[in-house]
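Listed below, chain by chain, are the residues.
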Amino acid sequence: MNKHLYDHLGNRYKRKNVYLLELATLYEQKTEGNAREIQNQIKALKRQKNTHHYVLALRQFKSEERTYRKSFSKSAKNFKGSKFIGKLKLQLEQAKLDLEFYKKYIDLSYDAQLKYETAKVKIAEIPQIIENTEEIESSIEKTLKDKDTWTKDEVEKLKNEFSMYRKDLKDEKKKNIVKVTRNYKEGTISQKAKTAAIDELNRAFKEKLSIKKMESPNKKSNATLSHSRFDLKNVKKKSVNLMSDLIADEKAKIPIENMTNTAAVPFLTALFPGLGQLIYGQKRKAALMTLISLFIYVIAVPYALGYGNYQGNGIRGLITLKGDLRYVSSMIFMIEGILAIFLLVMAIFMIIVNFRNLYRIEVKKRKGIRPNNWHETKSKLFTEGYPFVVTLPAFIIIIFVVLVPIATTILLSFTDRNDLPNKTRFIWNGFQNYADLFAGKVGTAAGPFWNIFGWTIVWTLTSTTLAILIGFALALLLNNNRIKAKKLFRSIYLLPWAVPAFVSILFFRIMFGQGDAGVLRAFLGVDTIIHNANLTRIVLILLQGWLGSAYVFILSTGVLQAVPEDLYEAAYMDGANSWKKLSRITLPIVLFQTMPLLIGQYTFNFNNFSIIYLFNGGGPNLIEKYGIFAGSSDILLSYIYKLTMDRYYFAMGAAVTLVISMIVIFITFIGFRNTKAFKEERL
Amino acid sequence: MGFIIMARNLIELKNLTKSYDGIKAVDSINMSIKEKEFVTLLGPSGCGKTTTLRMIGGFEDPDEGQILFEGKILNNEPPYKRNINTVFQRYALFPHLNVYENIAFGLRIKKIPNEEVQRKVERMLKLVDLDGFAKRDVDSLSGGQQQRVAIARALVNEPKVLLLDEPLGALDLKLRKEMQIELLEMQRSVGITFIYVTHDQEEALTMSDTIVVMNKGVIQQVGTPQDIYNEPVNRFVADFIGESNIIEANMIEDLHVRFDGITFECIDKGFGVNEPVDVVIRPEDLVLVSNPAEGQIQGTVSSVVFKGVHYEMLVANEHREYLVQSTTMFPVGTDVGLCISPADIQVMRRVEVTECEEE
């Protein structure tokens, strides 16, 4: 308890509440020596609270204020003018009475002082607003009246005048067109000039007509009207805002004193956003926060309890993964359960935010700072709160589009279909999928994991490195000035990139295929390659090396051409031979600049589903080694495809997906972090 | 047998010629450069100075003629076997290496042991005043600092000659002036020959022991800055170095030259009687007097420009306008007289010179 009050800037104010002042003085006098004595005095003072002279005076003031309010609301009458002006006049009238009434109590209470100052601002501002508004309103009225006074004959006359003008104009235009056409026929102007001239005449005709239209009093008054109405709206908004700002300024300078203890309010009302704000006198903010309460108790909580679900059962459904209806897929229970959790998390987040808001108000209030009024809350929301308000929709969409699917995948990987006949039903299975995966349990869906994992690594490293080597070597070759027909070669090297990979891969599939379609076999008599696991793999690597080389070729060519010639001269001068120039200058510079993109190539091939699937469908299938779930050239991604799309092992597919994600994220992160380009924030 | 004590000729160019597509960029140049000399090749863009430098450095092969280094023919030696190093126009620093590794590049190529590399690089960093910058990326350095790294990288190989190709061209004026002084100090402390290429005559006058003025692949004049400034041998040199009044005149006889209808005394002789010559008078050598009758030439001030330390005025007579520098100002329209002392009249043989195109 402090003897003084403070505003938000830290300015000090004397207490007006004598009772509280006495209490604070006592608290201040309290030392170790007299603690007991002072404590007794405080108790005595508190006991006498109801008979304390200040408290009585305050009570008197409150009751008089109540009667005053009542009497005023009766005396509210209708004022002349528009609704807006009527309201203002009423406010002005009230402010005048307020000024009279609260003047008497200024020294008694800061609340009275605030009312008094507010009334003062209103009395100073409102007449000006009324005057400004009335001016515009009367001009609008006048325009409207003018418009109404026209008799039918007058309007008719105007119309006639206009059509006469139009006729004259049209005749003139026709005459001119005839003239132009004659000139053209006589050969003095070209056809182009004729067309242009006629276009010009038409345009001038239209323009003159529209000007005349605007000159007509009817149109003119319409334009004036819309202009004035816009003006009116603007003036109203701005002047009322200005007044509110002035009142807020006064309010900031007048502290608040707390006769009643509200310390528990944030804790007691935290669960019901809106209630606390109501207690603090922020009525409209309370209404706004009630929407949050509605969200929590009408949407989030019932949904989590299973009400209003599509076919699932809220959070409970997440545990059971099945309901009463037999045909409902476990997936639905899982997704709706996750949705329920997200909604609950959002609700809890809102409750926390609400609590923090209330708590801050309470702490400030105890110092003497008044809670914001509606005008301040509103302007705060549109300035400081603007970024949050704008990003909120995107954030909510991200939750549902990105986070829910990810969460579903993660949870899915902890389930098992348990080889039940119904493929859409599954049960919780803990880490069993991961255990099976890492153990490579033969005979299950996880059986071929390690084989496929190993081949995926080999595939990624060799195919990408090969592509980089080929692409870089070609770029280096073409960068040599002694090469002729560079454009031709460049086009050839770009072909694998220019032709859709889909087409090239299918062509090779046919070429290496079996039977009559196997081109290679038909020509060379070589036995089919696609039945031999190792040959298939080698062909795949060579094929991807060739396909991927074009991209690296483009990248390196660009960088190579940008290396200044004098770097090589400088190195040559220091004694570097061709090999050293390549290894110490060209390679580091090219790698330095393309590293992030090259890492991208590795991750691309790690997930290069299309070439694996199109070339041989992951085959040949070696059942004794790979089981029935994958083939010998499958990489992890095509393995997942087969698990989920062909065999309905969603859970195992999800587990493999997560393992892949971890690997890719980890490697990419490490790789990017270590590149110089990333360190220099060039990305 | 008596020995004349003088610095040896370190580099000699004999009839050096180089053409590109049939156009002679360098046309049989003869020149000798001494040890520890600061030589500047000066001329407008495209006059052959850079080509000459590149031939000395070994990046271009001469079509004809010889380059001698300490008396040995150097023509067919690759750059790294010459005892010469170059600082390139745009520094040519390796962007993927830091300052230390840039300087150490040549040493690493030569497979010099690590400790020695470190010792040498650190000495170089100290020399170019870049202590503590060893680990910095070259991209993060300012233009002046990059310049120093380039110089350090060239000097670390301990060459006997350093070639500098407009090294200060990319710097702003103030930094350029500072670097000029620093370069000079570096040259004195290292004690090697600098061959410096520039088109900035002021830079050349400030720094050089010897200036070689070139135009269209031909050497116009070789001399100390004072010689070149005070006694230009032809109209091109006079025009290129500093500001000057160049006047077509007639050498009536020894010690007498006639222009603007007046015969002036001068100190040049050895020209033919009535030989057409060019006369150079520097603007600061023309003395303005307020009484026109007291001057040798009479004229009217036609423009005045304030240049800080002095005013630059144009004084017109019926033949031409004279550029005059003076600390006293005469308003436009004043009739004035101009005085010239005989020693300030520099008479040159007339040569037909067409200037290179400025880039």
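Residues numbered from 1 in each chain as written. Chains lettered and ligands numbered in written order. Predicted model: local features only at pLDDT ≥ 70, side-chain atom pairs only at ≥ 80, totals over all residues. Heavy atoms only, no water.

Q: Requested: an account of the overall build of chain B, with residues and values cited.
A: Check the secondary structure of chain B and you find eight helices and 20 strands. Taking all 359 residues of chain B together, the buried fraction comes to 51%. Only carbon and sulfur atoms are counted for the fraction: they give 48% of the accessible area of chain B, which is about 16,900 Å². (Helix = DSSP H or I, 4+ residues; strand = E, 2+ residues; numbered from the N terminus. Buried < 20%, exposed > 50% of the residue type's maximum accessible area, 1.4 Å probe, protein only. Areas by Shrake-Rupley, 256 points an atom, 1.4 Å probe, with all protein chains shown as cover.)

Q: If you had to explain the overall build of chain A to someone new, which residues and values would you point to?
A: Across its full length, chain A holds 28 helices and four strands. Taking all 683 residues of chain A together, 38% fall into the buried category. For chain A, long-range pairs separated by at least 24 residues make up 67% of all intrachain contacts whose partners lie at least 6 apart in sequence. Of the roughly 40,400 Å² of accessible surface on chain A, a fraction of 62% belongs to carbon and sulfur atoms. (Contact = heavy atoms within 4.5 Å.)

Q: Give me the nonpolar core: which residues, what numbers.
A: Membership of the largest hydrophobic core comes to 38 residues, with the highest contact counts inside it found for Ile103, Val121, Ile151, Leu162 and Leu183 of chain B. Of all the elements, helix 4 (residues 143-155) of chain B adds the most residues to this core, at six residues. (Core = buried A, V, L, I, M, F, W, Y, C linked by side-chain atoms within 4.5 Å.)

Q: Provide a residue-level description of a nonpolar patch on the surface, including the pertinent values.
A: All names here are of chain A. A contiguous nonpolar surface patch, about 950 Å² in accessible area, is contributed by Leu288, Leu291, Leu294, Val298, Ile299, Leu381, Phe382, Tyr386, Val389 and Val390. Those elements that place two or more of their residues in the nonpolar patch are helix 11 (283-305), helix 14 (374-383) and helix 15 (386-412). At five residues, the largest contribution of residues to the nonpolar patch is made by helix 11. Residue position: Leu288 is located in helix 11. (Patch = residues over 30% accessible without salt bridge, like charges linked within 9 Å, V, L, I, M, F, W, Y side chains within 5 Å. Salt bridge = Lys/Arg side-chain N within 4 Å of Asp/Glu carboxyl O.)

Q: Can you explain the pattern of salt bridges? Please cite residues and give values.
A: Residue and element names in this part refer to chain A. One pass over the full model with this rule turns up 32 salt bridges over all chains. Arg370 serves as the salt-bridge partner of Asp111, at 2.8 Å between the closest nitrogen and oxygen. Of the two residues, Asp111 is situated in helix 5 (residues 110-149) and Arg370 in the loop between helix 13 (330-367) and helix 14; the sequence distance between them amounts to 259 residues. By relative accessible area, which is 33% here, Asp111 ends up partly exposed. The closest approach of N and O atoms between Lys251 and Glu376, which form a salt bridge, is 2.8 Å.

Q: Let's hear about the interface of chain B and chain A: which residues, and what values?
A: Facing the 25 residues of chain B at the interface are 18 residues of chain A. A buried area of about 2,000 Å², summed over both sides, lies between chain B and chain A, and 61% of it is on carbon and sulfur atoms. If you sort the residues of chain B by the area they bury against chain A, Tyr80, His96 and Ile109 of chain B come out on top, with a joint share of 30%. Across the contact surface, chain B and chain A share one salt bridge. For the pair chain B and chain A, the number of links is three residue pairs in polar contact (both at pLDDT 80 or more). The set of elements that each furnish at least two residues to the side of chain B that touches chain A consists of strand 6 (84-87) and helix 2 (99-109) of chain B. No other element matches helix 2 of chain B, which puts four residues into the side of chain B that touches chain A. Taken together, the residues that form the side of chain B that touches chain A break down as 12 nonpolar, five polar and eight charged. (Buried area = accessible area lost by both parts, 1.4 Å probe. Polar contact = N/O pair within 3.5 Å; in protein donor to acceptor, adjacent residues only side chain to side chain. Nonpolar A, V, L, I, M, F, W, Y, C, P; charged D, E, K, R; others polar.)

Q: Give me the packing of helix 11 of chain A against helix 13 of chain A: which residues, what numbers.
A: Residues and elements named next belong to chain A. Remark: helix 11 packs on helix 13, axes separated minimally by 9 Å, with the N-to-C direction vectors making an angle of 150 degrees. One element, helix 11, and the other, helix 13, form an angle in the roughly antiparallel class. Taken as a pair, helix 11 and helix 13 cross one another with a handedness that is left-handed. Mapping the contact onto sequence places Lys285, Met289, Ile292, Phe295, Ile296, Ile299, Ala300, Val301, Tyr303 and Ala304 in helix 11 and Glu336, Leu339, Ala340, Leu343, Leu344, Met346, Ala347, Met350, Ile351, Asn354, Asn357 and Ile361 in helix 13. (Axes fitted to C-alpha atoms, helices over the stretch in contact; angles between N-to-C directions. Parallel < 35°, antiparallel > 145°, perpendicular 65-115°, else oblique. Left-handed = near helix turned anticlockwise from the far one by under 90°.)

Q: Tell me about a positive patch on the surface, residues and numbers included.
A: Residue and element names in this part refer to chain A. A grouping of Arg166, Lys170, Lys174, Lys213 and Lys219 is seen on the molecular surface, where their side chains present a positively charged patch. Looking at which element gives the most residues to the positive patch, the answer is helix 6 (residues 152-186), with three residues. The residue Lys174 is located in helix 6 in this model. (Lys, Arg positive; Asp, Glu negative; His and termini not counted. Charge placed at Lys NZ, Arg CZ, Asp CG, Glu CD.)

Q: Go over the environment of Gly600 of chain A with me, naming the residues and quoting the values.
A: All names here are of chain A. Its place among the elements puts Gly600 in helix 23 (residues 578-606). Given the relative accessible area of 28%, Gly600 is considered partly exposed. When the C-alpha positions of Gly600 and Gly671 are compared, they lie 9.6 Å apart, and in sequence the two are 71 residues distant.

Q: So what about the sheet that holds strand 16 (residues 297-306) of chain B? Which residues, and what values?
A: Residue and element names in this part refer to chain B. Pairing is antiparallel in the open sheet, where five strands are placed in the order 15-19-16-17-18. Looking at strand neighbours, the two that pair on one side only are strand 15 (287-289) and strand 18 (321-326), the edges of this open sheet. Across the sheet, the axes of successive neighbouring strands diverge by a mean angle of 45 degrees, strand direction being ignored. Both strand 15 and strand 19 (residues 335-339) contribute to a ladder of three bridges, which runs antiparallel. When the bridges of strand 19 are listed, Leu288 appears paired with Leu338. (Pairing = 2+ DSSP bridges.)

Q: Lay out the packing of aromatic side chains with the relevant residues and their values.
A: Residues and elements named next belong to chain A. One pass over the full model with this rule turns up 38 aromatic pairs over all chains. Ring geometry for Phe101 and Tyr105: centres 5.3 Å apart, planes at 50 degrees, overall tilted. Exposure remark for Phe101: the relative accessible area of 8% places this residue in the buried category. Look at Tyr105 and you get buried, because its relative accessible area is 10%. Taken together, the ring pairs connect Phe61, Tyr68, Phe101, Tyr102 and Tyr105 into an aromatic cluster. A cation sits over an aromatic face here: Lys173 above Phe205, 4.4 Å from the ring centre. (Phe/Tyr/Trp six-rings, centres within 6.5 Å; stacked < 30°, edge-to-face > 60°. Lys NZ or Arg CZ within 6 Å of the ring centre and 35° of its normal.)

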